[in-house]
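The lines below spell out each chain.
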Amino acid sequence: MRYGAGALSELAEVCAEAGIERPMLVTTRRGAASVGPLPVVGVYDGVRPHVPVETVREAAARAEELDADGLVGMGGGSAMDTCKAAVAELADTGRTPLPRIVAVPTTYAGAEWTSYFGVLLAPGRKGGGNDPRVTPIGAIYDPELTLDLPLEATVGTSMNALAHCAEAYYHPDAAPRASRHADTGATAIAHALPLVVARPKGIYGRSRLLEGAHRGALALAESGVCLAHAMAQGIGGRYAVPQGSANAVCLPVALRFNAEAVPEAVDQFASALGTDDAPARIVELAALGGFARLRDLGVPESGLGELGELIAARPGARVNPRPASAEDVEGLLRAVW
């Protein structure tokens, strides 16, 4: 792992340490154009939000064409998920050895240390997978790559990382160290996000925010997702809402819902945030990006019943510490519509 301003210049060294000789860059067109020449054998620049399955197949085919033994995912959660899903696609073909992944996160989504990935299987229908073979084996954290991240993406992806921290306290499969990562991550994000909003080009704030997101990723790797993420994934898959934006709106109501079942866990999250009311603090932080209601994200009221059913069936909702029926979820959605 490399961390700090200018760390992207060490990509070749990181790949060499990981045993990667033929890395392929996986990013968006904008991402590919923003960094200049890199020590890679080729580029796949078709990353799209929510990872449509056709882009996964394109990335896997490009890796085969280039005989790439590594994928460098540069961008947000969609870039990371494209890499992971492409490796899973290659695994299904029987390819060995599989390409290894090095993550270069340029947002705060916190997907870079997990085996989980999401894919848009069809319009309105999101799926995914969990395969240890697709877990990145290295990462480069360069805050300079985040200096131009727009306000909405900055706050939204930070909310995604905070949701990882929150759910690490009460996911049923959380390892003991998950909450320690969550403590550090939530404290760093709550401290740094207002600084970054006030001074977007400040390297200190961006560095601290990236550090917090890194801890959120580690917390997720040691736990899993629960109701807030299930809500965000369902909304994103159905209405193409960025996952961070949806988490910004859904995390507070999910916390209030779960507080009846796991009050100590929600209180621990509150302490890490520096408050005695975790949902209220999340509302305040989300408001820095203008996030408040689902209607403002383009979610129609007429679709809330269908969403409730879709979300209640998602794995994250099924493992939630407090059982959530379709009617429960619809009620939560209506509360923030």
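Keep in mind it's a predicted model, so treat the numbers as computed, not measured.

**Student:** Please provide a residue-by-residue account of the overall build of the protein chain, values included.
**Tutor:** A count of helices and strands for the protein chain gives 14 helices and 8 strands. For 337 residues, the compact-globule estimate of 2.2 N^0.38 gives 20 Å, and the C-alpha radius of gyration of the protein chain, at 19 Å, lies within 12% of that figure. Dimensions of the protein chain along its principal axes, counting C-alpha atoms only, are 50 × 40 × 35 Å. Every one of the 337 residues in the protein chain was classed for burial, and the buried ones make up 57%. A fraction of 76% describes how many contacts in the protein chain between residues 6 or more apart in sequence connect residues 24 or more apart. Positive and negative charge centroids in the protein chain, built from 29 and 38 side chains respectively, lie 2 Å apart.

**Student:** Now, about the nonpolar core: what can you tell me, with residues and values included?
**Tutor:** Ranked by internal contacts, the top residues of the largest apolar core, which has 75 residues, are L162, L227 and F269. Broken down by element, the residue count for this core peaks at 9 residues, all from helix 9 (residues 243–259). When sequence neighbours within four positions are dropped, the list of residues in contact with F269 reads L162, C165, A166, Y169, A186, L255, A278 and I282. In terms of nonpolar packing, the next biggest core, distinct from the first, is built from 24 residues, V53, A68, I101 and V119 among them.

**Student:** Now, about the pairing of strand 6 (residues 116–122): what can you tell me, with residues and values included?
**Tutor:** Inspection of the sheet shows strand 6 paired to strand 7 (residues 125–130) by 6 bridges, in the antiparallel sense. In the strand pairing of strand 7, F117 is matched with G129. Here strand 6 folds back onto strand 7, and the loop between the two strands holds 2 residues, one of which, G124, carries a positive phi near 85 degrees.

**Student:** Before we move on, could you go through a nonpolar patch on the surface and cite the residues and values that matter?
**Tutor:** The grouping of L195, I203 and Y204 at the surface amounts to a nonpolar patch, some 270 Å² of accessible area in total. For L195, the position within the fold is in helix 6 (residues 176–198).

**Student:** I'd like a rundown of the packing of aromatic side chains, residues and numbers included.
**Tutor:** This model, assessed by the stated rule, comprises 1 aromatic pair. Aromatic pair Y169 and F269: ring centres 5.9 Å apart, planes at 50 degrees, arrangement tilted. With Y169 in the loop between helix 5 (151–168) and helix 6 and F269 in helix 10 (residues 263–273), this residue pair connects regions lying 100 residues apart in the sequence. Here Y169 and F269 have matching classes, each one buried. For R322, the ring lying beneath its charged end belongs to F257, and the centroid distance is 3.9 Å.

**Student:** Just give me the short version of the environment of G224, but keep the residues and values in it.
**Tutor:** Take G224: it is sitting in the loop between helix 7 (203–221) and helix 8 (227–239). The spacing of G224 and R199 is 25 residues in sequence and 32 Å in space, taken between C-alpha atoms. Other than its neighbours up to four places away in sequence, G224 contacts Y116, E167 and H171.

**Student:** For the pattern of salt bridges, give the residues involved together with the corresponding values.
**Tutor:** Scanning the entire structure with this criterion turns up 12 salt bridges. A salt bridge links R177 to E222; the nearest nitrogen and oxygen atoms lie 3.0 Å apart. Separated by 45 residues along the polypeptide, R177 in helix 6 and E222 in the loop between helix 7 and helix 8 bring together distant segments of the chain. Salt-bridge contacts for E330 lead to R334; the nearest nitrogen and oxygen are separated by 3.0 Å. With E330 and R334 both in helix 14 (residues 326–335) and 4 residues apart, the pair spans about one turn of that helix. Using a relative accessible area of 39% as the deciding quantity, one classes R334 as partly exposed. Linked through salt bridges whose partners overlap, the residues forming this network are E301, E330 and R334.

**Student:** Can you lay out a negative patch on the surface for me, pointing to particular residues and giving the numbers?
**Tutor:** A cluster of acidic side chains, namely E264, D267, D276 and D277, defines a negative patch on the protein surface. Within the element layout of this structure, D267 appears in helix 10. Judged by relative accessible area, which is 46%, D267 ranks as partly exposed.

**Student:** Describe unusual backbone geometry, naming the residues involved and giving the relevant values.
**Tutor:** With an omega of -10 degrees, the peptide bond between T96 and P97 qualifies as cis. Secondary-structure assignment places P97 in the loop between helix 4 (77–92) and strand 5 (100–105). Positive phi values are uncommon outside glycine, yet A240 reaches one of about 60 degrees. Along the chain, A240 turns up in the loop between helix 8 and helix 9. A240 gets classed as exposed once you look at its relative accessible area, which sits at 56%.

Conventions and cut-offs
- Residues numbered from 1 in each chain as written.
- Predicted model: local features only at pLDDT ≥ 70, side-chain atom pairs only at ≥ 80, totals over all residues.
- Heavy atoms only, no water.
- Helix = DSSP H or I, 4+ residues; strand = E, 2+ residues; numbered from the N terminus.
- Rg over C-alpha atoms; globule rule 2.2 N^0.38 Å.
- Buried < 20%, exposed > 50% of the residue type's maximum accessible area, 1.4 Å probe, protein only.
- Contact = heavy atoms within 4.5 Å.
- Lys, Arg positive; Asp, Glu negative; His and termini not counted.
- Charge placed at Lys NZ, Arg CZ, Asp CG, Glu CD.
- Core = buried A, V, L, I, M, F, W, Y, C linked by side-chain atoms within 4.5 Å.
- Pairing = 2+ DSSP bridges.
- Patch = residues over 30% accessible without salt bridge, like charges linked within 9 Å, V, L, I, M, F, W, Y side chains within 5 Å.
- Areas by Shrake-Rupley, 256 points an atom, 1.4 Å probe, with all protein chains shown as cover.
- Salt bridge = Lys/Arg side-chain N within 4 Å of Asp/Glu carboxyl O.
- Phe/Tyr/Trp six-rings, centres within 6.5 Å; stacked < 30°, edge-to-face > 60°.
- Lys NZ or Arg CZ within 6 Å of the ring centre and 35° of its normal.

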